Each structure stands twice: as C-alpha cells, then as structure tokens.
Amino acid sequence: MSASRTYVIIGGVAGGMSAATRLRRLDEHARIIVVERGEHVSFANCGLPYHVGGVITDRDALVLQTPAALGARFALDVRVRTEAIAIDAQARTVTVRDLESGAEESIAYDALILSPGASPVRIPIPGVERGLVLRDLADMDAIIEAAGGATRAVVAGAGFIGLELAENLHHRGLDVTVVEMLPQVLRPLDVEMAELVASRIREAGVTLRLETGLTAIGDDHVVVGDGDHIPADLVVLSVGVRPESGLARDAGLALDERGYIVVDDHQRTSDPHIYAVGDAVVKQRFDGPASPVWLAGLANRHGRLAADAIAGRPHAAVPALGTAIIGLFGLTAAAVGRTERELREEGREIRVIHTHPMDHAGYYPGATQLAMKLIVDAETDRILGAQTVGESGADKRIDVIATAMAGGLTASALADLELAYAPQFASAKDPVNMLGYVAENLAGGEHSVQWHELPDLQADGWLLVDVRTTSENAAGAIPGSRLIPLDELRDHASALRGERVIVHCKVGQRGHTAARLLEQYGVTVANLDGGYLTWSAGAAATGLLTKGHAA
C-alpha cells in the first residue's frame, strides 16, 4: 500500500478505535487520524454504572487509552474535543472543528470510517432539562455529583442501562423507583422470563412502575402517566437512543427509516469510500429484518471488519445474534436471538421450551435453579432464540446456545453436545443437553402447551390435571386444575379416556412422564411446558394470578 494513503475515523471508543488500531497493524505507513468530539477517545462505557455505585472504585480504570498512549504505540493522530462538521463525499474531504479554539480544517481521505454512536433520547416533557443521561464519563460524573446530595432517585427506562443504574444508585443508599412504559423490564426477554428479574428487583427494595411513563419532571418530584407524583432528588433518563447519523445524512449516505446508517456486509456505506460501524449502524440479523444492535462486541468486531476491507483483506460480517447479558441483585439474565413475542407477532410457526434445571448437580452444595427458554422453528428445528435467568450458570448456558446457533446446530442436536461435567460445575445431563432432549421429544410428535395458551384451552373443555404431590398442590394451584399425583395416575388413566387432558407438574419433567403414560392409555394429552413455575411467572406478569392461587 502507498505511504500516502490517509484514513480518517470519526468517533472513537469501541468501533472507531478497533478500526484505527487494526488499520495500523495492517498498514504501518498510512496516515491515520481519529476525530473525537468528546474528551476521551477510549473508555469503558459499559463500566460507567458501576463507578456510579462504587463497585468500580477507580475512575481512571475506565479510561482505557489516551491520545498520547495511542500516538506512542500506534502512531495515531488522535484529536479529542474535535468535531467533524461536514463530509464532501465527492471531493473525499471531511471538515473538522477544534471545539476549544474554533479553528476548522479540511482533511482529504482515501477512506473514511464513521463511528458516531447513538445519543440518549430526551423525551419532550416539561422539566426534561433536569433529567440526567449516561453516555460518557462527563455524564457519569454529573450523576455521581447529583447522587451525593440525593436520597430519592427515579430512573426512567427499564432496559439494560436503566436497570444497571437503578441497582447502583440503590447500592449507594438511595431510594430508587424505575418507571417503564412497557409492561415488563428488559425487552429482549419474554414477559414470563422478565418477571423473574422484576421480582428480584422488587425484593431488593427498588420500586417498579410499569406501563407508565414520565409526563413532567419537577424540582423535587416526577409526574407519571396516571398523575401520581413520585419524590425525586435525582432523575436519570434511560429511555432509548437515537443514531448520531446527521453527518451521514448530510453527506447523502443511505439511511433506513429510523435514521440508522445502511451498510453492506463489509461495513461499506452507499459511498464506496465511506464505512460505518457501531451503534449508529443497522445490522443484518441471523433471522428477521435488519435492525440496530447496541452491543460493544459487535462494534469491536465491525471496526476490525471495516479496517480489513479498507486494507484489501475483506471478509463478510456474520449476521448478528444479539447475545446480551445483565447482572442485577445477584441474578443473571441473558438472551440470544429472537423472542417468542416477536415471532408470534410475525405469525411464525414455532415450538417453545421452558426448563428449570439446577445450575450444577443438586447433591453438591450451593446448587441454584435456572429458568431456561428455547425458541425453535417448528418446521426445521432451527434454534431461533434462547433466554436464561438464574443466580449461577446462566452466562455459560447462553454462550453455548449462541455458539450452537452460530454453528447451525438444530435444537435437537443440543442433546448430543459433550460439555464439561463435574458436580460443582454442571450435571451429567447439562441444562443445555436437557433442552435438546425436550426439543427432540417435541420434534418426534409429543405435544406441549404454553402458559399463556392455558386459559383458552380450559375454556374449550380441556381438563387440567396437576400431577404434583398433595402438599405441592396445597401450596399453590392453577385455577381449575384437578389433582391426581403422578404415582396414582395409572389407577385413573382408563377413566380419562375420551378427555382432552393437559398435565402439569412443577417444572415439566413429571408432566412429561405423565403425558407419556396417558398417551399409551389412549388419552389425548399435552404437557404444560415449564410446569407450574413457568405458569406462575407468566401469570404474575400478566395479572392471571388470583387471590388464593398465588405462587
């Protein structure tokens, strides 16, 4: 490559800096200029909530690289507090402005990479200027300063960042309320899985106000949709982001209907000399339409891909799975791929599996229960999505499933994965293997029903049979169910001929045994997927639980 080539990168942090350093490794002689509007070009934005809460005590630990260090190691010309204000795509120049001096400069480029990110949404309500946001270190400092004299905080938004902030403000000793427009927390989870997280948040002492939003922010309170006033010394807005794509739009680059920059599978925009990476860019998904995916791992990976394409080593981006995880009050929630909610809205034919295994062998001390969900294409057995919630082991299970999805394994093939086992780490039948066994059973013709389908099926005349023990049933029962403990079921099997029966236990395993037994006695039967635990979580989330039947 010619020593005269110039690469300009607009925006640092994950995508921009991955591209810059990769370009240097591939082209020692190029001129590489990084333009960053903020004060820091490389910082750990995913760690910001944890410095707010004092979990990460050293602020300097969040600053990963400085312009001087990047200049010394990679010979990068890094310019912070410098804003790109115009791109002339035809002339291949970008105009930048020094925000301290106001001086402007036009820089010619051979290739340009846009990594502008996305900015927090500020909802148009009275007093919105009092609401703080969290995007960078300066925002973090402002929240910490405000929290120092506060006792009550309201966080608007129950997504990943909002809930991480809520946990950390609670850790600081503040009384925290989270306000969310949706009927659940964490939209990447389905409602019955999200309810497990919501329950833990409430148990920790954080108030959740779902299905309502802020309508005003006052001096010492917020107003929500039903008119309630919630006291608040500190208000943080975490209600979503908008792509910083104005520069791309003004340069004539193609955007989607939401304003995200459209790229090909080499991160190239509609201009062949301009590439784009990070949160302002629409991603191709492994299933479903292209959409934004706001994940640091993808930004890093796509920065590298853009650099490789510029340097003449192109390889296509792998469609995004959207693998994500969060830890809250000792509970881990993780997800990959599509949700049941999305797929049913699209009219897709799917199979859904819920299990509740222990994270490791139950006889070994410290075992805790997981809640797992697998979503499968009913025709092809392809894995479309998965969700896990638990105190331990949720992370490695979602990573195994994400890897299986990337490798094209079917749901049934999970049964054959040879995963590491010792009693303190897993069970001989790992929870991922168990999902595969259930998938294999369903693919072979066995029938299950979902918790949200139950009311309509009961109204249609299906008989719900609880095969748990008498004591389990007494502790909590599904309305309309009939108790026949599993060990007594054979004595009643003949009498159930002619009935359409749904069996259920606590988690689904005894229900499966009951269903197999009844089917061989000629009974039309289905198993309630995930059993009483899944039903109770879904019922709690949607108001199906009635007094006297609470889990």
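In case you missed it, the structure is sitting above this.
The rules behind these values
Residues numbered from 1 in each chain as written. Predicted model: local features only at pLDDT ≥ 70, side-chain atom pairs only at ≥ 80, totals over all residues. Heavy atoms only, no water. Helix = DSSP H or I, 4+ residues; strand = E, 2+ residues; numbered from the N terminus. Rg over C-alpha atoms; globule rule 2.2 N^0.38 Å. Buried < 20%, exposed > 50% of the residue type's maximum accessible area, 1.4 Å probe, protein only. Lys, Arg positive; Asp, Glu negative; His and termini not counted. Charge placed at Lys NZ, Arg CZ, Asp CG, Glu CD. Salt bridge = Lys/Arg side-chain N within 4 Å of Asp/Glu carboxyl O. 1 Å grid on protein atoms, 1.4 Å probe; cavity = no way out; pocket = protein on both sides within 12 Å on 5 of 7 lines; lining within 4 Å. Points joined across faces, edges and corners; volume = space filled by probe spheres on them. Nonpolar A, V, L, I, M, F, W, Y, C, P; charged D, E, K, R; others polar. Core = buried A, V, L, I, M, F, W, Y, C linked by side-chain atoms within 4.5 Å. Contact = heavy atoms within 4.5 Å. Phe/Tyr/Trp six-rings, centres within 6.5 Å; stacked < 30°, edge-to-face > 60°. Lys NZ or Arg CZ within 6 Å of the ring centre and 35° of its normal. Axes fitted to C-alpha atoms, helices over the stretch in contact; angles between N-to-C directions. Left-handed = near helix turned anticlockwise from the far one by under 90°. Pairing = 2+ DSSP bridges.

**Student:** Outline the overall build of the protein, listing residues and values.
**Tutor:** In terms of helices and strands, the protein carries 16 helices and 31 strands. For a compact globule of 551 residues, the expected C-alpha radius of gyration is about 24 Å, and the protein comes in at 27 Å, within 12% of that figure. Taken over the C-alpha atoms alone, the protein extends approximately 90 × 55 × 45 Å along its principal axes. Within the protein, the fraction of its 551 residues that count as buried is 51%. In the protein, 49 side chains carry a positive charge and 71 a negative one; their mean positions are 2 Å apart.

**Student:** Break down the pattern of salt bridges for me, with residues and values.
**Tutor:** The final tally for this structure, using the stated rule, is 37 salt bridges. Across the salt bridge formed by Arg341 and Asp190, the nearest N and O atoms sit 3.9 Å from each other. Within this pair, whereas Arg341 is found in helix H9 (residues 340-345), its partner Asp190 is found in the loop between strand E12 (175-180) and helix H6 (191-203), the two being separated by 151 residues in sequence. With respect to burial, Arg341 and Asp190 carry one shared label: buried. Between Asp256 and Arg258 there is a salt bridge, with its nearest N and O atoms 2.8 Å apart. Salt bridges here are not isolated pairs; linked through shared partners, they connect Asp190, Glu192, Glu340, Arg341, Arg344 and Lys373.

**Student:** Outline empty space enclosed by the protein, supporting the account with residue identities and numerical values.
**Tutor:** Tallied over the full model, the rule gives 1 cavity of 30 Å³ or more. Estimates place the volume of the largest cavity at around 40 Å³. If you trace the largest cavity, you find it lined by Glu192, Met193, Leu196, His354, His356, Ala371, Leu533, Thr534 and Ala537. Counting residues per element, the ones that place at least two in the lining of the largest cavity are H6 and helix H16 (531-542). Of the residues belonging to the lining of the largest cavity, the class tally is 5 nonpolar, 3 polar and 1 charged.

**Student:** I'd love a proper account of the nonpolar core, names of residues and values included.
**Tutor:** Grouped together as the largest cluster of nonpolar side chains are 42 residues, with contacts concentrated most on Leu163, Leu169, Val176, Val178, Val185, Val197 and Leu234. It is H6 that provides the largest number of residues to this core, a total of 5 residues. Apart from the residues within four sequence positions on either side, Leu169 is in contact with Val52, Ile143, Ala147, Ala153, Val155, Leu174, Val176, Leu234 and Val236.

**Student:** Account for the packing of aromatic side chains, with residues named and values stated.
**Tutor:** Tallied over the entire structure, the rule returns 2 aromatic pairs. Taking 6.5 Å as the distance between ring centres and 55° as the angle between the ring planes, the aromatic pair formed by Tyr260 and Trp294 counts as tilted. With Tyr260 in the loop between helix H7 (246-250) and strand E19 (274-276) and Trp294 in the loop between strand E21 (291-292) and helix H8 (296-310), the pair connects residues that are 34 residues apart, well separated along the chain. Taking relative accessible area as the criterion, Tyr260 reaches 4% and is therefore assigned buried. When its relative accessible area of 46% is taken as the criterion, Trp294 is described as partly exposed. It is Arg468 that lies over the ring of Tyr532; its NZ or CZ is 4.5 Å from the centre.

**Student:** Describe the packing of helix H1 (residues 13-26) against H8, listing the residues and the values that go with them.
**Tutor:** In the contact formed by H1 and H8, the axes pass within 7 Å of each other and the chain directions differ by 35°. Classified by chirality, the crossing of H8 by H1 is right-handed. Across the interface between the two elements, Ala14, Gly15, Ser18, Ala19, Arg22, Leu23 and Leu26 of H1 pack against Ala296, Ala299, Asn300, Gly303, Arg304, Ala307, Asp308 and Ile310 of H8. When grouped by side-chain class, the residues that make up the contact of H1 with H8 number 8 nonpolar, 4 polar and 3 charged.

**Student:** So, the sheet that holds strand E6 (residues 82-88): which residues are in play, and what are the values?
**Tutor:** With antiparallel pairing, the 3 strands of this open sheet are ordered in space as E6-E7-E8. The open sheet has two free edges, formed respectively by E6 and strand E8 (104-108), since each of these has just one partner strand. Pairwise comparison of adjacent strand axes, ignoring direction, gives a mean angle of 25° for this sheet. Note: E6 against strand E7 (residues 93-98), 6 bridges, orientation antiparallel. The residue of E7 that forms the bridge with Glu83 is Arg97.

**Student:** I'd love a proper account of the side chain of Arg79, names of residues and values included.
**Tutor:** When you line up the elements, Arg79 lands in strand E5 (residues 77-80). If sequence neighbours within four positions are ignored, Arg79 has contacts with Arg31, Ile33, Val34, Val35, Glu36, Val96, Glu105 and Ile107.

**Student:** Before we move on, can you summarise the side chain of Arg22 with the specific residues and values?
**Tutor:** Within the secondary structure, Arg22 is located in helix H1. Judged by relative accessible area, which is 12%, Arg22 ranks as buried. Ignoring sequence-local partners within four residues, the contact set of Arg22 consists of Arg304, Ala307, Asp308 and Arg313.

**Student:** Can you lay out unusual backbone geometry for me, pointing to particular residues and giving the numbers?
**Tutor:** You will see that Arg81, though not glycine, has its phi angle at about 50°, which is positive. With respect to the helices and strands, the residue Arg81 is situated in the loop between E5 and E6. A positive phi is found at Gln267, a non-glycine position, where the angle reads about 70°. Assignment of secondary structure puts Gln267 in the loop between H7 and E19.

**Student:** Please provide a residue-by-residue account of the layout of surface pockets, values included.
**Tutor:** Using a probe with the size of a water molecule, rolled over the atoms, empty space left in the structure can be pinpointed. Its volume calculated, the second largest pocket comes out at about 770 Å³. Around the second largest pocket sit 38 residues that line it, and Thr355, Met434, Val438, Gly508 and Gln509 are the ones nearest its centre. If you list the elements that add at least two residues to the lining of the second largest pocket, you get strand E24 (350-355), helix H11 (431-443), helix H15 (509-519) and strand E31 (524-528). In terms of residues, the lining of the second largest pocket owes the most to one element, H11, which gives 6 residues. Here the residues of the lining of the second largest pocket sort into 16 nonpolar, 16 polar and 6 charged.

These values are about where atoms sit, not about what they do.
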